Amino acid sequence: MKNEWPLWEIFIRGQHGMSHRHVGSLHAPDAEMAIKNARDVYTRRNEGVSIWVVEANHIAASSPSDKGPLYEPSESKVYRHPTFFDIPEEVGAM
Amino acid sequence: MYAQMIKSEATQDDPEKLAAFQARIDAGEKIEPKDWMPEGYRKTLIRQIGQHAHSEIVGQLPEGNWITRAPTLERKAILLAKVQDEAGHGLYLYCAAETLGVSRDEITEMLLDGRMKYSSIFNYPTLNWADIGAVGWLVDGAAIMNQVPLQRTSFGPYSRAMIRICKEESFHQRQGYDAIRKMAEGTPEQKKMAQDALNRLWYPSLMMFGPSDKDSVHSAQSMAWKIKMNTNDELRQKFVDQTVPQAEYLGLTIPDPDLKWNEERGHYDYTDPDWSEFFEVIKGNGPCNVDRLAARNKAWDDGAWVRDGLLAHAKKKAARQHAAE
């Protein structure tokens, strides 16, 4: 346990023009090996064109109990969505 | 299945929290690692996902056994890719288990010292090349039966691992069927080997789904938590129904004289495996239990200097970089 390799979170860009997406995690001694291992574990079938690795303990995450305070304020602001506004048909596409 | 006889842990949590948790599951929500969950849910999942991961890893041994002796370079490349996939599947699952608060080393050590199990099927030997075809066809076929519904399991990381695995698993079954089909359509000796492989692996494959429902005592809680999606007998029946026509196509005979189509039920009637054999294998008395655990322990011990060396190198590099800044 004392000598366990750190955990890395792996992000892969699936195609050019897309953003990197979290695909999973793995253990590796350093960033270079994490990228090599990620190549073997997560892109065996051409799933990616670019790999990011981040040591898991460097990721800060919101807590599930903050769900209310974080997201409720946006629930009452329906006017942020374009469908809130009625546009007369005569005006055409908008 | 890859996880057999998982004992559901009793849970002694606040009833109000438990009810809210169950309501989330009933509503089809996914539970994520940082969400509140009953201790029993957490422990049962660690055991189940861990056993599943161990099965993927130990499952490399019977197939790895034939990589150097594959009949053609193409078959060898295919088998190598398949066995590499199994390693990947083990890794996806270990990571899912780790999100529940168990470390990789802890869970590995529990396999190595026998506190955790892997699927009974991998305690059977692969005696010849026909067995490799039969393993892909039957063992991976049985695994798919269980893994497809598990994509909908309630625990997010487990569900996501299963989705990745299922995408790759179909290759495993098809390459196996292709390999055994080649033999079934080959010389009389080859066909005999294919039949012999089916004879030996049929009942061990049926055992993969675990004991009969009437003896399966841990199902109810796991099914309520959606970490078990179907009963053992449901999945076993589905597997039999799917596999019989595949064997017929090959001109091979399922080694069960009482196997017959039941018009009324719309299913095949079949003979249950010898459950005393299953319980012996689970207890450690199968043909290969000792070899499998010895091989995993040797790999772990022999790899210790590599794990330590790479970590020491990484630390030294980081310290140098720190000093230079």
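Preceding block: the structure.
Attention here is on the structure that accompanies the text.

Analysis parameters
- Residues numbered from 1 in each chain as written.
- Chains lettered and ligands numbered in written order.
- Predicted model: local features only at pLDDT ≥ 70, side-chain atom pairs only at ≥ 80, totals over all residues.
- Heavy atoms only, no water.
- Pairing = 2+ DSSP bridges.
- Helix = DSSP H or I, 4+ residues; strand = E, 2+ residues; numbered from the N terminus.
- Axes fitted to C-alpha atoms, helices over the stretch in contact; angles between N-to-C directions.
- Contact = heavy atoms within 4.5 Å.
- Buried area = accessible area lost by both parts, 1.4 Å probe.
- Salt bridge = Lys/Arg side-chain N within 4 Å of Asp/Glu carboxyl O.
- Polar contact = N/O pair within 3.5 Å; in protein donor to acceptor, adjacent residues only side chain to side chain.
- Nonpolar A, V, L, I, M, F, W, Y, C, P; charged D, E, K, R; others polar.
- Buried < 20%, exposed > 50% of the residue type's maximum accessible area, 1.4 Å probe, protein only.
- Lys, Arg positive; Asp, Glu negative; His and termini not counted.
- Phe/Tyr/Trp six-rings, centres within 6.5 Å; stacked < 30°, edge-to-face > 60°.
- Lys NZ or Arg CZ within 6 Å of the ring centre and 35° of its normal.

What follows covers the sheet that holds strand S1 (residues 7-13) of chain A. Residue and element names in this part refer to chain A. Strand order across the open sheet formed by three strands is S2-S1-S3, with antiparallel pairing between neighbours. Strand pairing shows two members of the sheet lacking a second neighbour, strand S2 (20-27) and strand S3 (50-55), which therefore form its edges. Between one strand axis and the next, the sheet turns by 25 degrees as a mean value, whatever way the strands run. Relative to S2, S1 runs antiparallel, the two being bridged by seven bridges.

With 25 residues of chain B at the interface, the matching set in chain A holds 23 residues. Both sides together, the interface formed by chain B and chain A hides about 2,000 Å², and carbon and sulfur atoms give 51% of it. Looking at the side of chain B facing chain A, the largest losses of area belong to B:Lys34, B:Arg164 and B:Leu311, adding up to 24% of the total buried there. Seen at the junction of chain B and chain A, the total is six salt bridges. As a salt-bridge pair, A:Arg45 and B:Glu168 come within 3.3 Å of each other at their nearest N and O atoms. At the junction of chain B and chain A, the tally comes to 13 residue pairs in polar contact (both at pLDDT 80 or more). Residue assignment for the side of chain B that touches chain A shows that the elements contributing at least two residues are helix H4 (73-98), helix H5 (104-112), helix H7 (156-184) and helix H13 (304-324) of chain B. For the side of chain B that touches chain A, a count of residues per class yields eight nonpolar, four polar and 13 charged.

Turning our attention to the environment of B:Asn289. All names here are of chain B. By secondary structure assignment, the location of Asn289 is in helix H12 (residues 289-302). The exposure class of Asn289 is buried, given its relative accessible area of 9%. Distance from Asn289 to Pro125, taken between C-alpha atoms, is 9.9 Å for residues 164 residues apart in sequence. Those residues in contact with Asn289 that lie beyond four places of it in its chain are Tyr118, Asn123, Val281 and Gly284. In terms of polar contacts, Asn289 uses its side chain to reach the backbone carbonyl oxygen of Val281, at 2.9 Å.

Let us look at the side chain of A:Glu9. Tracing the chain through its elements places A:Glu9 in strand S1. Buried A:Glu9, no salt bridge; nearest opposite-charge side chain is B:Arg160, N-O distance 8.9 Å. Among the polar contacts made by the side chain of A:Glu9, one reaches the side chain of A:His22 at a distance of 2.6 Å. Once residues within four sequence positions are removed from consideration, A:Glu9 is found in contact with A:His22, A:Gly24, A:Ser25, A:Trp52, A:Val53, A:Val54, A:Ala56 and A:Ile59.

Tallying each qualifying case throughout the model produces 13 aromatic pairs over all chains. Measuring from ring centre to ring centre gives 6.3 Å for A:Tyr79 and A:Phe84, while their planes differ by 75 degrees; the resulting arrangement is edge-to-face. Its relative accessible area of 44% is what places A:Tyr79 among the partly exposed residues. Looking at A:Phe84, the relative accessible area reads 44%, which means it is partly exposed. When the centroid spacing of 4.9 Å and the interplanar angle of 75 degrees are considered together, the rings of B:Trp261 and B:Tyr268 count as edge-to-face. Grouping aromatic residues by their ring pairs yields a cluster made of B:Phe21, B:Trp36, B:Tyr41, B:Phe155 and B:Trp225. Sitting over the ring of B:Trp66, B:Arg69 keeps its end group 4.1 Å from the ring centre. One cation-aromatic arrangement involves B:Arg307 over B:Trp300; the distance from NZ or CZ to the ring centre is 3.6 Å.

Let's shift gears to the environment of B:Ser119. All names here are of chain B. Among the structural elements, Ser119 can be located in the loop between H5 and helix H6 (129-150). By relative accessible area, Ser119 is classed as buried at 0%. On a C-alpha basis, the gap between Ser119 and Gly210 in space is 9.4 Å, while along the polypeptide they are 91 residues apart.

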